[in-house]
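# Structure assessment
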Amino acid sequence: MKSRSYLYAALTTTLNIVLYALTFGHFIWLEGRVCRGVFRNWIRQFRYRPQRFAQPTTEEEIINLIKNSRSLRVFGSAHSFNEGVVTDETLVSLDRYCGLVKRNDLEDDQICVKGGTRVRDVVKLLLDKDLAFEALPSHDAQSIGGILSTDVHGTGKDWGFVNESIVSLKIIDGKGEVYVCRPEDDLFKAAVGGIGAVGIISEVVVKAVTRFDVQQKFEMSTLGFVKENLDLLLQKNKHFSLYLFPFTKKCQINTWNCTDKKKSFLGPLREFVSISKDALLSAWFGNMMAYTGLLERLSDFSYSFKRGTNLVLESNKAFNRTIYHLHQELEFTVPFKNTLDDCDIFIKLYEEMYRDGGLPYGIFEIRFTPGGRNRTFIGAGREHRSMWINLVCNDSHGFEKYYAAAEKLVKEIGARPHLGKFCRNFDADDMRRIHGEHFDKFLRLVNEHDPQRKFANVFTQRLFQASKS
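This text gives an overview of the structure that appears in the document.

How each quantity is defined
- Residues numbered from 1 in each chain as written.
- Predicted model: local features only at pLDDT ≥ 70, side-chain atom pairs only at ≥ 80, totals over all residues.
- Heavy atoms only, no water.
- Axes fitted to C-alpha atoms, helices over the stretch in contact; angles between N-to-C directions.
- Helix = DSSP H or I, 4+ residues; strand = E, 2+ residues; numbered from the N terminus.
- Parallel < 35°, antiparallel > 145°, perpendicular 65-115°, else oblique.
- Contact = heavy atoms within 4.5 Å.
- Nonpolar A, V, L, I, M, F, W, Y, C, P; charged D, E, K, R; others polar.
- Expected span 1.5 Å × (residues − 1).
- Buried < 20%, exposed > 50% of the residue type's maximum accessible area, 1.4 Å probe, protein only.
- Pairing = 2+ DSSP bridges.
- Phe/Tyr/Trp six-rings, centres within 6.5 Å; stacked < 30°, edge-to-face > 60°.
- Lys NZ or Arg CZ within 6 Å of the ring centre and 35° of its normal.

Where helix α12 (residues 428-435) contacts helix α13 (residues 437-449), the axes come no closer than 6 Å and their chain directions differ by 125°. With respect to α13, the element α12 is oriented oblique. Across the interface between the two elements, A428, M431, R432 and H435 of α12 pack against E437, H438, F439, D440 and L443 of α13. Within the contact of α12 with α13, the residues separate by chemical class into four nonpolar, two polar and three charged.

Next up on the list: helix α10 (residues 341-355). Over its 15 residues, α10 extends 21 Å from the first C-alpha to the last, a length consistent with the 21 Å expected when each residue adds 1.5 Å. Buried residues of α10: D342, C343, F346, I347, L349, Y350, E351, M353 and Y354, and no others. The positive-phi residue at the C-terminal boundary of α10 is G357, with phi of around 95°.

Attention now goes to the sheet that holds strand β17 (residues 309-314). Taken together, the eight strands give an open sheet; going across it, the order is β17-β14-β16-β15-β19-β20-β18-β21, and neighbouring strands pair in antiparallel fashion. Looking at strand neighbours, the two that pair on one side only are β17 and β21 (416-417), the edges of this open sheet.

What follows is about the packing of aromatic side chains. Counted under the stated rule, the structure contains 26 aromatic pairs. When the centroid spacing of 6.3 Å and the interplanar angle of 65° are considered together, the rings of W42 and Y324 count as edge-to-face. With W42 in the loop between β2 (38-40) and β3 (47-48) and Y324 in the loop between α9 (315-319) and β18 (327-335), this residue pair connects regions lying 282 residues apart in the sequence. Residue class for W42 comes out buried when judged on its relative accessible area of 2%. Its relative accessible area of 10% is what places Y324 among the buried residues. Among the aromatic residues, ring-to-ring pairing joins F247, Y350, Y354, F364, F399, Y402, Y403 and F422 into one connected group. The ring of Y97 carries the charged tip of K114 above its face, separated from the ring centre by 5.0 Å.

And the structure:
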């Protein structure tokens, strides 16, 4: 991959925001797509021309594609940070296999959607019935099949994963056979978090709740206060996360709580302005400080000017966002210990490497999921109560150096990687060490449902086939 420049990251972020604003939210430039036969993911780090590009519109077409291809991979929004979207032969988009599936056997609080339906469109279908997801992760452009394949999570004391809102899945495996499975089924657990290794998720039944509003508060605080009150903050707020920053004791507390308060005046517009401002400041000012060597001296001063927001929004508007600055993410879980000590290790690593020169601007997003969740075999948040540490770096020169060192530390502390994010140095031996018998069960399902490895690519081969199954 080519190393990105400061100007490229900043100008690309700016253009994305401008085009989104000018089209009133109808066009997102930084989104994965195939144009003139060439695929690129949302950050343009993976760009290639597949031998064949297919956009099926029916289940029968999907089955025929599988049966008549030697290898294929599926992408949704391609909001990806690794080579999981790369294929040697057939690249499949389910953008035309989307929308509502009419079923008479569903309960009033359930809908069935096709696997290619984007989260933002599932939300609209639910709102039409005065329903909503109980909670959502932060990105709304991903397909419903995609967020389940990477076991996307949110943050909260009682809620953690989109898969908790799923009643059943329809999966088409590598033999072209169709299965309907529920959360207690092994195939369901292999598909959730299995990055497409056992099959294509073609339909999803979603269980919803009555639509509701959320009070979203972002406020600046100190690391000392958060460390002393971490458990209280988690218990007090339904959804809670943190932004930590290098070279300062300041941090940002993010909370989302259900409310009966009146919606904020021009709330979605104010939210867009706030998100866009943060993205532009990160891309232009943050990276400028980083590359001029001023980050250590100016961080504490700079964050003293940062102001929070307090908005009441429709739940999906609060949980979801569309605009991002051009960045990379390396995310993993550690068991929750009511301490931020594991975060400190990676912040210290960043600070030490920064002093040696050449790192872009970075922040640390910390989220939390509860224990007892077992709807996946190899999802990073399986079973234990987890703290998710997300190392977010601007997508410009030097992030690879930091991530390489960080991945070594991730292995040393026994953390579990999020397979939808940057993941370059883990292999099947690491996965077996991390997930044990669950990984062996997962591989048995892969062998059973994709014996010819049609869904395999260089990424899944490294993670799932480097050692004996």
